[in-house]
Amino acid sequence: MLELQQVLVKPLITEKTTLLQEEGKYVFHVAPRANKVQIREAVEKSFGVVVVDVNICRVRGKLKRYGPRLSRTPDMKKAIVTLRAGDRIQLIEGL
């Protein structure tokens, strides 16, 4: 079983995720073995907010070319966390 500190790897900050923040949705890179219940508990305890919904998806790594070699970026799992209306995560809002 994963510890709460191991569940959330880092927040994903992109143009699309900053637009989702206006709707109260935050995107995190999470541990590959984490499930929805663990992600909900980790976000609630880490940031002191109430989580309404958690959606997870696996993102396959892409093939990249470095000169004559082909390599693959690592696979990852991401979670889109919807918070209760009015709740915000201040650490991510400031980035």
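Residues numbered from 1 in each chain as written. Predicted model: local features only at pLDDT ≥ 70, side-chain atom pairs only at ≥ 80, totals over all residues. Heavy atoms only, no water.

Focus on the overall build of the chain
Phase 1 of the analysis: Along the chain, the regular secondary structure elements total 4 helices and 6 strands.
Phase 2 of the analysis: When the helices and strands of the chain are read in sequence order from the N terminus, they spell out α-β-α-β-α-β-β-β-β-α.
Phase 3 of the analysis: Based on the C-alpha atoms only, the size of the chain along its principal axes is roughly 50 × 35 × 20 Å.
Phase 4 of the analysis: Here the chain holds 95 residues, and the buried ones make up 32% of them.
Phase 5 of the analysis: Put simply, 58% of the contacts in the chain that link residues at least 6 apart link residues at least 24 apart. (Helix = DSSP H or I, 4+ residues; strand = E, 2+ residues; numbered from the N terminus. Buried < 20%, exposed > 50% of the residue type's maximum accessible area, 1.4 Å probe, protein only. Contact = heavy atoms within 4.5 Å.)

Here's the deal with the pairing of strand β4 (residues 63–66)
Phase 1 of the analysis: Where β4 and strand β5 (residues 69–72) come together, 4 bridges link them in antiparallel fashion. Paired with Lys-64 across the two strands is Ser-71, which belongs to β5.
Phase 2 of the analysis: The hairpin turn running from β4 into β5, its antiparallel successor, is 2 residues long, and Gly-67 in that turn takes a positive phi close to 65 degrees. (Pairing = 2+ DSSP bridges.)

Focus: the pattern of salt bridges
A pair can form between side chains of opposite charge whenever their charged atoms are brought close.
Phase 1 of the analysis: Applying the stated criterion to the full structure yields 1 salt bridge.
Phase 2 of the analysis: Arg-84 serves as the salt-bridge partner of Asp-87, at 3.5 Å between the closest nitrogen and oxygen. (Salt bridge = Lys/Arg side-chain N within 4 Å of Asp/Glu carboxyl O.)

Quick word on the pairing of strand β2 (residues 25–30)
Phase 1 of the analysis: Taking burial as the measure, the 6 residues of β2 include 5 buried ones, the bulk of the element.
Phase 2 of the analysis: Sheet analysis places strand β1 (residues 8–11) next to β2, joined by 3 bridges and oriented antiparallel. Its bridge partner being in β2, Leu-8 is matched across the sheet by Val-30.
Phase 3 of the analysis: With 6 bridges connecting them, β2 and strand β6 (residues 76–83) associate as antiparallel partners. Each residue of the ladder has a partner; that of His-29, found in β6, is Lys-78.

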